[in-house]
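A look at the structure
Chain residues, written in single-letter form:
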Number of protein chains: 2
Amino acid sequence: MNTQEKIIIIGAGLSGPLLAILLAKKGYKVEIYESRTDMRTANISAGRSINLALSARGIRALRSAGMDEIVMKEALPMEGRIIHDKTGNTKFMAYSGRAGEHINSISRGGLNIILMNEAEKLGIKIHFNMKCTHADFENNSVVFKNYETGKISTETATAIIGTDGANSAIRQTMFENGRALRFSFSQAYLQHGYKELHIPPGKNGSFLIEKNGLHIWPRGEYMLIALPNFDGSFTVTLFHPFNGENGFDALTTPEKIQAFFEEEFPDVIDIIPNLLHDFQTNPTGSLATIKCYPWQVNGRFCLVGDSSHAVVPFYGQGMNASFEDCRILSEMVDEFKGDWSKIFTKYQSSRKKDADAIGDLAEENFYEMRDHVADPVFAKKRVLETRLEANYPDYYSKYAMVTFKDKLPYSVAKSLGTKQDEFLMDFCRDLTDLDAVDLDGLFRELQEI
Amino acid sequence: MNTQEKIIIIGAGLSGPLLAILLAKKGYKVEIYESRTDMRTANISAGRSINLALSARGIRALRSAGMDEIVMKEALPMEGRIIHDKTGNTKFMAYSGRAGEHINSISRGGLNIILMNEAEKLGIKIHFNMKCTHADFENNSVVFKNYETGKISTETATAIIGTDGANSAIRQTMFENGRALRFSFSQAYLQHGYKELHIPPGKNGSFLIEKNGLHIWPRGEYMLIALPNFDGSFTVTLFHPFNGENGFDALTTPEKIQAFFEEEFPDVIDIIPNLLHDFQTNPTGSLATIKCYPWQVNGRFCLVGDSSHAVVPFYGQGMNASFEDCRILSEMVDEFKGDWSKIFTKYQSSRKKDADAIGDLAEENFYEMRDHVADPVFAKKRVLETRLEANYPDYYSKYAMVTFKDKLPYSVAKSLGTKQDEFLMDFCRDLTDLDAVDLDGLFRELQEI
């Protein structure tokens, strides 16, 4: 490959800098263009962190860039789900029956800064305040507007990669050329939105609730979750219908909000001191799954990460899937020796089914989290799964295949995992004594499906 | 209802004028805005007709506007599929075992003119050369550009209905407000495109091939079809992959086109005199299914027809589904006494599942037409289905439910029809003697599924 080649990456969010690092380490001259200002220098109010769940696929991709150790120092392990019922009782459900298999709560901003710092250390230039307005497929170039000067500029490169997220400008240009590119596209909004709330740290940075887990208050139509932050606080998110009797549209007064939380989530009222204020002033976010195809144009432009497959957050795989994109693309750069047309064509055709699978799994997991985790049959199934995992190194539940296998294609995890789920839910339906189950026999039966 | 209310309909294509007639007959003041010039006065070269298959749902909708008789005078009945094999032999497959159940080939342009003439007779003003550029949901208005003068104008009305087709400007505005409206949207392109060709009339307007059928040359990856026109000609369409060994991209020389047709469709070469010229100069069209939701905004704007659910042409239901939209919406105007917010809300929530169903059915029928009709098991199934229809007034095949039932929801036709199809394909797989089948028993079994 000709390592004098210039590569443009659009978007300095999470996958942009990671991909830039991977390519710069091969010798490419990489430049990143980012529409926002530099979060490291801007006077962004500290405090609230948004956190993400980093798991095996993301860690493997970070490792391929030599970034895993520095990142994991900032991560908090979450060993399982902690389910809160309406009376405030909690129940722990391990994510795996194997030691060491947990997910990791990490600050989105902190991780982004680590990656940008490393990218710059490798000589990668990050152009901030440069908004990509559109791609020009005829001239193989890309157009930017400088938000500070208003100046419009046009750049070209051997490869132009859009890691510019769910509202990607590169994808938008593909959409506008829909007929010529036969660009299939879908955006599917949930009828639920989300609102972020905050549990502050206790005294001396202590945690007010159990720190090593992902807290869930499953209520069928509603769901509250909380993930721990390094400073002892928790980022809390209410997933909630827009419409209906208790929907966002109906919770319009402090009295109604207070009454709703007292009824549904009584154990959080004392630990979310700014509940009423935050509920009324924080924006209500919407949630959508985005799919599209093709991902590449002219063997020169390619979408990577959320720009090509935005997912809802319920499997904790959005970032992990995007990082896995970067690892796979990077491996193809080696395999096809820098022939970008081959790289992008092979990348999109092999990766598309897995992006679809994680998009579907994330939607399905919404129902599992808000609903099934409170179902006694599901609880029995989870116990059996963790016992199987503890006793059979080859056994992985669907959740574990998605979360702890770092190479198994998502599409395989989905099809095999769904079969296992159906089998085990049937198996547990009338099961009364978990301890009487012949685990050996069950394991062999599961191997056959 | 207040019949002094003004209603704006955007698009004078097929469903626009039909809906306008239905509403004008209730006393509403309706105006239609159309981006193209008036096809009745423009010097459009005559000759080629594009034809459509009008069936029960479309006819029922026309009847509700008092337009069925005048339209049916221009229609040619097609009693079944006429399957051409590679040696030029043909086989007739009836669409139904009941007398009178056929589909009707009709000229798209001719039908459009009939509907526009009637609309104007009722006092509906059609503004031509007025391109809707976008809707303004904040001000409940809609913006037009006059293609002759360049003038921009803004109009408002109690109800603004977008019958502006697969590239709807109203839908585009909804898409641009995607997050606020939680506007789910998908466009799915087939990897096949189409090319139109032409079989001219024989002497004295005679038909060069059988006139009362829909001709199909099924070849798996390729498919040629021909529908009769009133003047003795046939509109021929090749549905064909864009890429691959014999794809559109590969058929680049007269020699290759000629060789391809000689191999695959030898019996049409003599009757398509301009084959090579037309193949090389006619555009290659693309095919997409479009779905979206919601269809209405503010209780004032609503999408109807292709603007809300563009389908691929393989079930012959695009126009019929759009006409059925008009009938259902018109009935809701009566039911909800002109309360447009209720009308549009109920319309979209009740109709969406049926629009999805016909979109899916049309995609599935592509595989049936190009492939299964040449399968001997499928042929046996069709024989049994026509016998069942001939003997049991209550029996309808999936095709017949979609095509000859004029009120059964598409979603019901799809779910019940799919079950019947699966049952009958299984039943026919090893069947050797069609005449030995116990029809009574089979009918009873089908009633149970």
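The rules behind the values
Residues numbered from 1 in each chain as written. Chains lettered and ligands numbered in written order. Predicted model: local features only at pLDDT ≥ 70, side-chain atom pairs only at ≥ 80, totals over all residues. Heavy atoms only, no water. Axes fitted to C-alpha atoms, helices over the stretch in contact; angles between N-to-C directions. Helix = DSSP H or I, 4+ residues; strand = E, 2+ residues; numbered from the N terminus. Left-handed = near helix turned anticlockwise from the far one by under 90°. Contact = heavy atoms within 4.5 Å. Nonpolar A, V, L, I, M, F, W, Y, C, P; charged D, E, K, R; others polar. Buried area = accessible area lost by both parts, 1.4 Å probe. Salt bridge = Lys/Arg side-chain N within 4 Å of Asp/Glu carboxyl O. Polar contact = N/O pair within 3.5 Å; in protein donor to acceptor, adjacent residues only side chain to side chain. Least-squares fit on C-alpha atoms with pLDDT ≥ 70 in both. pLDDT = per-residue confidence, 0-100. Phe/Tyr/Trp six-rings, centres within 6.5 Å; stacked < 30°, edge-to-face > 60°. Buried < 20%, exposed > 50% of the residue type's maximum accessible area, 1.4 Å probe, protein only. Lys NZ or Arg CZ within 6 Å of the ring centre and 35° of its normal. Pairing = 2+ DSSP bridges. Right-handed = clockwise from strand over helix to strand, strands pointing away. Expected span 1.5 Å × (residues − 1). 1 Å grid on protein atoms, 1.4 Å probe; cavity = no way out; pocket = protein on both sides within 12 Å on 5 of 7 lines; lining within 4 Å. Points joined across faces, edges and corners; volume = space filled by probe spheres on them.

Overview of the packing of helix H13 (residues 410–429) of chain B against helix H14 (residues 439–448) of chain B
All names here are of chain B. Look at H13 against H14: their axes get within 10 Å of each other, and the N-to-C directions meet at 145°. Relative to H14, H13 is oriented so that their crossing is right-handed. Residue-level contacts link Gln-420, Phe-423, Leu-424 and Phe-427 of H13 to Leu-442, Glu-445 and Leu-446 of H14. Broken down by class, the residue content of the contact of H13 with H14 amounts to five nonpolar, one polar and one charged.

Comments concerning the interface of chain B and chain A
How big an interface is tends to be stated in terms of the accessible area lost upon association of its parts. Chain B puts 18 residues into the contact, and the matching count from chain A is 18 residues. Both faces considered, chain B and chain A share a buried interface measuring about 1,600 Å² in area, 44% of it formed by carbon and sulfur atoms. Across the contact surface, chain B and chain A share zero salt bridges. Linking chain B with chain A are eight residue pairs in polar contact (both at pLDDT 80 or more), by the criterion used here. Elements with a minimum of two residues in the side of chain B that touches chain A: helix H5 (169–176), helix H6 (178–181) and strand E13 (184–199) of chain B.

Examining the relation of the copies chain B and chain A
In this arrangement, two copies of a chain are superimposed by a rotation about an axis accompanied by a shift along the axis. Laying chain B over chain A is done by rotating through 180° and shifting 0.1 Å along the axis; what remains is an RMSD of 0.0 Å. A rotation of that kind, with that shift, is consistent with a two-fold axis. For chain B, the residue whose C-alpha comes nearest the rotation axis is Ser-186 of chain B, separated from it by 1.9 Å.

Brief notes about the confidence of the model for chain A
On average, residues of chain A carry a pLDDT of 94, and 98% of them reach 70 or more. The ipTM assigned to the predicted complex is 0.83, against a pTM of 0.89.

As for the packing of aromatic side chains
Applying the stated rule across the entire model yields 54 aromatic pairs over all chains. Each ring, one from Phe-242 of chain B and one from Phe-248 of chain B, has its centre 6.1 Å from the other, and the planes form 55°; the classification is tilted. Grouping residues by exposure puts Phe-242 of chain B and Phe-248 of chain B together as buried. An angle of 15° between the planes, with centres 5.6 Å apart, marks the rings of Tyr-315 of chain B and Tyr-399 of chain B as stacked. One end of the pair, Tyr-315 of chain B, is in the loop between strand E19 (301–303) and helix H9 (318–335); the other, Tyr-399 of chain B, is in helix H12 (residues 398–404), and 84 residues separate them in sequence. The class for Tyr-315 of chain B is buried, based on a relative accessible area of 5%. For Tyr-399 of chain B, a relative accessible area of 9% puts it in the buried group. The structure contains a cluster of three or more aromatic residues connected by ring pairs, namely Tyr-222, Phe-242, Phe-248, Phe-260, Phe-261, Phe-265 and Phe-279 of chain A. Positioned above the aromatic ring of Phe-279 of chain A is the side chain of Lys-195 of chain A, whose terminal nitrogen or guanidinium carbon lies 5.1 Å from the ring centre. If you follow Arg-182 of chain B out to its NZ or CZ, it ends over the ring of Phe-242 of chain A, 3.3 Å from the centre.

Some points on the pairing of strand E2 (residues 29–33) of chain A
Residues and elements named next belong to chain A. Burial analysis of E2 places four of its five residues in the buried class, the great majority of the element. Bridge count for strand E1 (residues 6–10) against E2 is five bridges, and the pairing is parallel. By the bridge assignment, Ile-8 is partnered in E2 with Glu-31. The parallel pair E1 and E2, bridged by helix H1 (residues 15–24), forms a crossover whose chirality is right-handed.

What to know about the environment of Ile-257 of chain B
Residues and elements named next belong to chain B. Mapped onto the secondary structure, Ile-257 falls in helix H7 (residues 254–264). Note: C-alpha distance between Ile-257 and Lys-73 (184 residues apart in sequence) is 38 Å. Ignoring anything within four residues of it in the chain, the contact list for Ile-257 reads Leu-251, Leu-276, Phe-279 and Gln-280.

Quick look at helix H4 (residues 108–121) of chain A
Residues and elements named next belong to chain A. The end-to-end C-alpha distance of H4, which contains 14 residues, comes to 20 Å, matching closely the 20 Å that a straight helix rising 1.5 Å per residue would cover. All of the buried residues along H4 are Leu-111, Asn-112, Ile-114, Leu-115, Met-116, Glu-118 and Ala-119. Elements that come into contact with the buried residues of H4 comprise H1, helix H2 (56–64), helix H3 (68–72), strand E7 (103–107), strand E8 (125–127) and helix H9 (318–335). N-cap assignment for H4: the residue whose side-chain oxygen lies 3.4 Å from the backbone N of Gly-109 is Ser-107. Phi turns positive, to about 90°, at Gly-123, one or two residues after H4.

Structural notes on empty space enclosed by the protein
In the structure shown here, the tally under the stated rule is two cavities of 30 Å³ or more. Each pocket or cavity is described by its volume, and for the largest cavity that value is around 60 Å³. Taken together, Tyr-315, Asn-365, Glu-368, Lys-381, Arg-382, Glu-385, Ser-397, Lys-398, Tyr-399 and Asp-421 of chain B form the lining of the largest cavity. Going through the elements one at a time, helix H10 (340–370), helix H11 (376–391) and H12 of chain B are the ones with two or more residues in the lining of the largest cavity. Among the elements that make up the lining of the largest cavity, the one with the highest residue count is H11 of chain B (three residues). By residue class, the composition of the lining of the largest cavity is two nonpolar, two polar and six charged. Within this model, the second largest cavity holds a volume of roughly 50 Å³. Around the second largest cavity, the lining residues are Tyr-315, Glu-368, Lys-381, Arg-382, Glu-385, Ser-397, Lys-398, Tyr-399 and Asp-421 of chain A. Contributions of two or more residues to the lining of the second largest cavity are made by helix H11 (376–391) and helix H12 (398–404) of chain A. The greatest single-element share of the lining of the second largest cavity, amounting to three residues, is contributed by H11 of chain A. Grouping the constituent residues of the lining of the second largest cavity by class yields two nonpolar, one polar and six charged.

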